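# Examining the three-dimensional arrangement
Given next are the chains, with one letter for each unit.
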Amino acid sequence: MSISRPQGLFITFEGIDGAGKTTHLAPLVQAFTAQGRIVTQSREPGGTPLAEQLRTLVLHDKMDALTEALLVFAARRDHVQQVIAPALARGEVVLCDRFADATFAYQGAGRGFDWNTLQELEKMVLAQVEKAEAGQGTLLQPDLTLWFDLPATVATERLAGARLPDKFEAEPTAFFERVREGYARRAAEQPDRFVRVDATQAVESVWQQVMQALQQRGFL
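A brief look at the structure comes next. (Residues numbered from 1 in each chain as written. Predicted model: local features only at pLDDT ≥ 70, side-chain atom pairs only at ≥ 80, totals over all residues. Heavy atoms only, no water.)

## A short note on the overall build of the protein chain
Within the protein chain, the regular secondary structure consists of eight helices and seven strands. Relative to the globule expectation of 17 Å for 220 residues, the C-alpha radius of gyration of the protein chain, 17 Å, shows essentially globular dimensions. Expressed as lengths along the three principal axes of its C-alpha atoms, the size of the protein chain is roughly 50 × 40 × 30 Å. Relative to its full complement of 220 residues, the protein chain shows a buried share of 50%. Carbon and sulfur atoms form 51% of the exposed surface of the protein chain, whose accessible area is close to 10200 Å². (Helix = DSSP H or I, 4+ residues; strand = E, 2+ residues; numbered from the N terminus. Rg over C-alpha atoms; globule rule 2.2 N^0.38 Å. Buried < 20%, exposed > 50% of the residue type's maximum accessible area, 1.4 Å probe, protein only. Areas by Shrake-Rupley, 256 points an atom, 1.4 Å probe, with all protein chains shown as cover.)

Right, here's the structure in full:
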């Protein structure tokens, strides 16, 4: 799969359930739109009719960690092919609520599934060749990942009574502690694209952190 995106911009929002990341997606869409950019907003698992069907299975049906990972990566493959890659090729801004990092955090750290196996699945699903003439294969990765970091205990308090939880939201605090550690590991492995956002702060302060990260990179 060859993706040409001279002006495309891919930004992902990551964090444990309850971190408040979704709150800042709509304002960021407005900020880019105000600058004349075309924005595609999406989410994972999901983003296409097929991926949304797989999302329902992953969020509500019991299965082991490998089955979860395979379904999530299958949904991601369809999402990339049908939505993300075409939008980037058109030079659009793609804002996605979760991407591959979530699989490493939830299935890898949270479920305890093998990290190396997830990396192999990631290579299989996200492989691309941007410089075909040189034979250089790369992985489709976000230009920027905003990691909304929040202690698991605080996230649990926020989720309490908010809505009928899916199977992940119903997990105990210890699960979310492992997921948070998974995000920290992923950020340590790829520090150039990760920005940690202190999600314990008030909404206005969190938004300021988001804007600062984008402005420092010249994205806004």
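## Digging into the layout of surface pockets
In this structure, the largest pocket encloses a volume near 600 Å³. Surrounding the largest pocket, 32 residues form its lining, Asp17, Lys21, Arg55, Asp97 and Arg98 being those nearest its centre. At the level of secondary structure, the elements contributing two or more residues to the lining of the largest pocket comprise strand 2 (39–43), helix 2 (49–60), helix 3 (65–89), helix 4 (100–110) and helix 6 (152–159). The element best represented in the lining of the largest pocket is helix 4, accounting for four residues. Grouping the constituent residues of the lining of the largest pocket by class yields twelve nonpolar, eight polar and twelve charged. (1 Å grid on protein atoms, 1.4 Å probe; cavity = no way out; pocket = protein on both sides within 12 Å on 5 of 7 lines; lining within 4 Å. Points joined across faces, edges and corners; volume = space filled by probe spheres on them. Nonpolar A, V, L, I, M, F, W, Y, C, P; charged D, E, K, R; others polar.)

## Some thoughts on the environment of glycine 20
Mapped onto the elements, glycine 20 comes out in the loop between strand 1 (9–14) and helix 1 (25–34). Glycine 20 gets classed as partly exposed once you look at its relative accessible area, which sits at 30%. With 135 residues separating them along the chain, glycine 20 and alanine 155 place their C-alpha atoms 8.9 Å apart.

## Points about the packing of aromatic side chains
How two aromatic rings sit relative to each other is given by the distance of their centres and the angle of their planes. On inspection of all chains with the given rule, the structure shows eight aromatic pairs. Ring geometry for phenylalanine 168 versus phenylalanine 175: centroids 6.5 Å apart, planes at 40 degrees, classification tilted. Assigned by exposure class, phenylalanine 168 and phenylalanine 175 land together as buried. Aromatic rings pair up to connect Tyr106, Phe168, Phe175 and Phe176 into one cluster. Geometry around tryptophan 115 places arginine 185 over its ring, the cationic atom sitting 4.0 Å from the centre. (Phe/Tyr/Trp six-rings, centres within 6.5 Å; stacked < 30°, edge-to-face > 60°. Lys NZ or Arg CZ within 6 Å of the ring centre and 35° of its normal.)

## Notes on the nonpolar core
With 44 residues, the main nonpolar core has Ile11, Tyr106, Leu146 and Phe148 as its most contacted residues. If we skip the residues at most four places from it in the chain, isoleucine 11 touches Phe32, Val94, Leu95, Cys96, Leu144, Leu146, Leu214 and Phe219. (Core = buried A, V, L, I, M, F, W, Y, C linked by side-chain atoms within 4.5 Å. Contact = heavy atoms within 4.5 Å.)

## Let's talk about helix 4
Counting buried residues in helix 4 gives eleven out of eleven residues, a clear majority hidden from the surface. Burial in helix 4 covers these residues: Ala100, Asp101, Ala102, Thr103, Phe104, Ala105, Tyr106, Gln107, Gly108, Ala109 and Gly110. Looking at the buried side of helix 4, the elements it contacts are strand 1, helix 3, helix 5 (115–126), strand 6 (144–149), helix 7 (173–189) and strand 7 (194–198). Looking one or two residues past helix 4, glycine 112 carries a phi angle of roughly 80 degrees, positive in sign.

## Some thoughts on the pairing of strand 2
By the alternation rule, side chains of strand 2 split into Thr40 and Ser42, which are all buried, and Val39, Gln41 and Arg43, of which none is buried. Here strand 2 pairs with strand 3 (residues 93–97) via five bridges, running parallel. Each residue of the ladder has a partner; that of valine 39, found in strand 3, is valine 93. (Pairing = 2+ DSSP bridges.)

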